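# Descriptive structure summary
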Amino acid sequence: MSCVQTEGVLKKIVRKIGQECSARGQTVSETLVVFMVKAVVLDPRNDFDMDKTLTKKDVQSLIQLCVTRLLDTTNPSLSTIKMQVYFDMNYANRAELHSEQHHVLEGRLAPVVRDILDSCSHVHEIERMYQKIVQYVLLSSCMGSPSDIEVVREVTAGLQSIFSQGEIITFISLSKKDKEQQLKNLAKLVMGIRLYNRECGKGGSGIDDLPAILNDYILSATQTIDERLNTCHRLAHQYTALLESMQEGQDRCTQLSSFKLKEALFNVRQYEAFLCILLSDAITSAQEVEKMNVQFAATMKQLKKTVQDKVSVDTRDVFPLFVELSNLWSGFQNEILQLSFLTNMTNNLQQFSEIQSQLFPEELLTSLLEGVTVKSDEERMRETMGTRVNVSDFKNQEWLFPETTDNFDQLLIQYHGFCAHTIGMKGFTLPGNPAIGILKHKERCYVFSSKEAAYVFAQDPDKFIQLNIEEAKQYTELILLLELCHQFEYLALYKQARNVGKHLMKPTTKCDSSTQTDTHILPPTIVPSYEWNEWELRRKAIKLANLRRKLTHAMQTDLSHMRRENSTQVYLPKDASTQTKRDNSSNVPRPQVFLQGLRGGPSPTTHMVKVDLTRPVDEA
């Protein structure tokens, strides 16, 4: 049977199983059905020969077995497979989650961006376009509701401080790519301005205190995951102790064989593995939030120092700081989304472990554990910490130890860190201790729960690897728990089921989309004077001919005759002064004249005599 035919048969089987379950009142997803088909086919107890074409009887048997297992809600294996399907379908790492959130935000902004880019330059459109830009800035920041008048006023005021309505004409003349980039820059700047105003107590309407909210989220998320991890650890230790007690005697084995302890242990270990992934993501978020808090405080301090009480500030100094604040706040928003996602995943995974309390109520579990020593994983580690394999006992095998291996803690351990010997020999999982020694076999690393287990496994590694594969065929949930997918590549039917599962598990996302290109990518070469219409050319020719017979008249009044604008220019007076070389003075003799005879004399004939008594100049 060709691959296309095989895929068609599998799809029909999956559809038939889904219909059968629905008819019996149990709704199952196609992905879960694919997992169950894989489980039934791989189980050697069902005698399906994957090298032969399935007959009609085989198909009917396969459908019946799958329906029976899907309707057995008391089987922990079904809950484990449901848990694995749910986690595989819904879990996303940090990068994927942030990328998805970015696409969602872009989709929400797409209509507004389209309106802005398609707006024309008419005067009556300028105000409407400015309002659209305000709407874009508000929606892209995710800070406040667009229906809150106070928030809209803050955004408008922040935008007007860096981009006035008069700049719309320049904005319209840009290319679409440049317009989109400027919109993003404006949104970041306004976001940073609002955050600064909020810090100064001058605004911040609709802006939540994300750092405080994140601290509460982180504390709540980590506490919840820790509590459920502790429950998982307690149950796993108890189930492991009971399974070990079954190895002690036939009576004990007969007593506990009906309780599906293996399936319950696998369910708990898988739940524990998923919770550890979620806890690791929560811790990473806490570290990122702590780092961003420090950066946000430092950036805000630098911005305050730059702005202070200045009337005007150079944009080259403050704009990069506003953008930095915006990016950090967007990081806070991403962490809110991340922690909300982790909380939802934690709560939704809880339903797949509820079967534990149904199968093993507290009273029953307590009675079964009477006389049984329960050891924790840490206690098992401590017991074997002093033991180590002797490398000289092995000739052609490579053993790795902490002191001889670089990046020892980062080695990729097979079977999710469980003992490679216990899985196939005892049928359940025990945590391995790397301190005993890590066996490197065919470029893969294996750990063991004891020195004895390491020696037995090292005698024939391929044999025990095959035993582990056979165990995973009986308990299909082990394929994902122990990360054994690479061991089943050669199984044709499993490979086809897995390929079908990819299509069913990850359906192609369909959505309405549209594309638009610029009318003229290159600079326009349109000649405005060109006319293709002959009658339009005739009309222009007639108009020009009429203009030749027209005259231009002008008239002037006496008041306007010979008038023109005049202007004069004067030189303003200036202060001037002079200074002599030195101060000097001169003095002349005082004139003195004596008149003789003014008082008369003894004789009336006496004459008046004038005598000059002035001294010569050289005697002065």
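Predicted model, so just to flag it, every value in this text is computed and none were measured.

## Observations concerning the overall build of the protein
Within the protein one finds 22 helices and 5 strands. Looking at the protein residue by residue over its 620 residues, the buried ones come to 39%. Considering only intrachain contacts with a sequence separation of at least 6, the fraction spanning at least 24 residues in the protein is 73%. Of the roughly 39,000 Å² of accessible surface on the protein, 51% is carried by carbon and sulfur atoms.

## A look at the sheet that holds strand E1 (residues 398–400)
Strand order in this open sheet of 3 strands is E1-E2-E3, and the pairing throughout is antiparallel. In this open sheet, the two edge strands, each paired with only one partner strand, are E1 and strand E3 (444–446). Going across the sheet, the axis of each strand differs from the next one's by a mean of 35 degrees, ignoring polarity. Direction of pairing for strand E2 (residues 438–441) relative to E3: antiparallel, over a ladder of 3 bridges. Bridging from a neighbouring strand, Lys440 pairs with Cys445 of E3.

## What to know about the nonpolar core
Residues Ile133 and Phe448 are the most contacted members of the largest nonpolar core, which totals 119 residues. At 17 residues, helix H12 (residues 261–307) tops the list of elements feeding residues into this core. Listed in part, the 24 residues of the second largest apolar core include Ile13, Ile63, Cys66 and Ile81.

## What to know about the side chain of Ser326
Within the element layout of this structure, Ser326 appears in helix H13 (residues 315–349). Sequence-distant contacts of Ser326, that is, excluding residues within four places in its chain, are made with Lys188, Met191, Gly192 and Leu195.

Rules of the game
- Residues numbered from 1 in each chain as written.
- Predicted model: local features only at pLDDT ≥ 70, side-chain atom pairs only at ≥ 80, totals over all residues.
- Heavy atoms only, no water.
- Helix = DSSP H or I, 4+ residues; strand = E, 2+ residues; numbered from the N terminus.
- Buried < 20%, exposed > 50% of the residue type's maximum accessible area, 1.4 Å probe, protein only.
- Contact = heavy atoms within 4.5 Å.
- Areas by Shrake-Rupley, 256 points an atom, 1.4 Å probe, with all protein chains shown as cover.
- Pairing = 2+ DSSP bridges.
- Axes fitted to C-alpha atoms, helices over the stretch in contact; angles between N-to-C directions.
- Core = buried A, V, L, I, M, F, W, Y, C linked by side-chain atoms within 4.5 Å.

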